[in-house]
Amino acid sequence: FRFAFEEGWRADNPAIQIAGPGRDKRLPKTLTHAEVDGLLTAAREAKKDTARTTCLMELLYATGMRVSELVDLNLADVDETAQCIRVRGKGKKHRTTPVGPTALGAVRKYVEMREADPRSASFDPEALFVNKHGKRQMLDWCDNAYEYVQQLDQEYSNWLCIPKSIRMTSIKPS
């Protein structure tokens, strides 16, 4: 219609009232391989809860799952034989996600450490990740597990001098 209007073939342009397409959506910023390696190394060298922190970070990177899905994992969701994890996602939908041997090793090490704890009999028997009181939520220094993982990422990115603002979508395989 615009062409016809500009050429004088039409007296009006009825398409002028139609909104055009919106802006293109930008892809999330991701970390470089070196930055991700630095975060995983920092998790392995953490002074506190090393096995749990390493397991959290390895699973986040290996699977690309959301933090809410990560902290909702149960021990029964991890299948070492098939090298996969059953994830409960949004809308109560389930999916099976493959997991590499490094992340599975981190899970194994964390579970062994957790079972060796003398208080393990009082721990939540289903939850994969528990806090020092044996509850599913990790209340170490944040109100909930999501904030816990966000704080870990921010702490390690500051320590490694990563200039980017880290979000969970940044820690995904590329």
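Basis of the calculations
Residues numbered from 1 in each chain as written. Predicted model: local features only at pLDDT ≥ 70, side-chain atom pairs only at ≥ 80, totals over all residues. Heavy atoms only, no water. Axes fitted to C-alpha atoms, helices over the stretch in contact; angles between N-to-C directions. Helix = DSSP H or I, 4+ residues; strand = E, 2+ residues; numbered from the N terminus. Parallel < 35°, antiparallel > 145°, perpendicular 65-115°, else oblique. Contact = heavy atoms within 4.5 Å. Nonpolar A, V, L, I, M, F, W, Y, C, P; charged D, E, K, R; others polar. pLDDT = per-residue confidence, 0-100. Expected span 1.5 Å × (residues − 1). Buried < 20%, exposed > 50% of the residue type's maximum accessible area, 1.4 Å probe, protein only. Pairing = 2+ DSSP bridges.

A.B. asks: Could you give an account of the packing of helix H2 (residues 33-44) against helix H3 (residues 50-63), naming the residues involved and the relevant values?
C.D. replies: Remark: H2 packs on H3, axes separated minimally by 7 Å, with the N-to-C direction vectors making an angle of 155 degrees. By the criterion of interaxial angle, the relationship of H2 to H3 is roughly antiparallel. For the pair H2 and H3, the contacting residues are His 33, Val 36, Leu 39, Leu 40, Ala 43 and Arg 44 in the first and Thr 50, Thr 53, Thr 54, Met 57, Glu 58 and Tyr 61 in the second. Taken together, the residues that form the contact of H2 with H3 break down as 6 nonpolar, 4 polar and 2 charged.

A.B. asks: Explain the confidence of the model for the chain residue by residue, including any values.
C.D. replies: With 78% of its residues at a pLDDT of 70 or more, the chain has an overall mean of 77. In the model, residues 139-143 has pLDDT below 50 throughout and makes 17 contacts with residues more than four positions away in sequence or in other chains.

A.B. asks: Could you give an account of H2, naming the residues involved and the relevant values?
C.D. replies: The terminal C-alpha atoms of H2, which comprises 12 residues, lie 16 Å apart, in line with the 16 Å expected from a rise of 1.5 Å per residue. Regarding H2, the residues found buried are Glu 35, Val 36, Gly 38, Leu 39, Leu 40, Ala 42 and Ala 43.

A.B. asks: A description of the sheet that holds strand S3 (residues 94-98) should follow, citing residues and the corresponding values.
C.D. replies: A sheet is described by the order of its strands in space; here 3 strands give the open sequence S1-S2-S3, paired in antiparallel fashion. In the strand order of this sheet, the two ends are held by strand S1 (78-79) and S3, each with one partner. Two strands pair when backbone bridges link them, and strand S2 (residues 84-88) and S3 are joined in this way by 5 bridges, in the antiparallel orientation. By the bridge assignment for S3, Cys 84 is matched with Pro 98.

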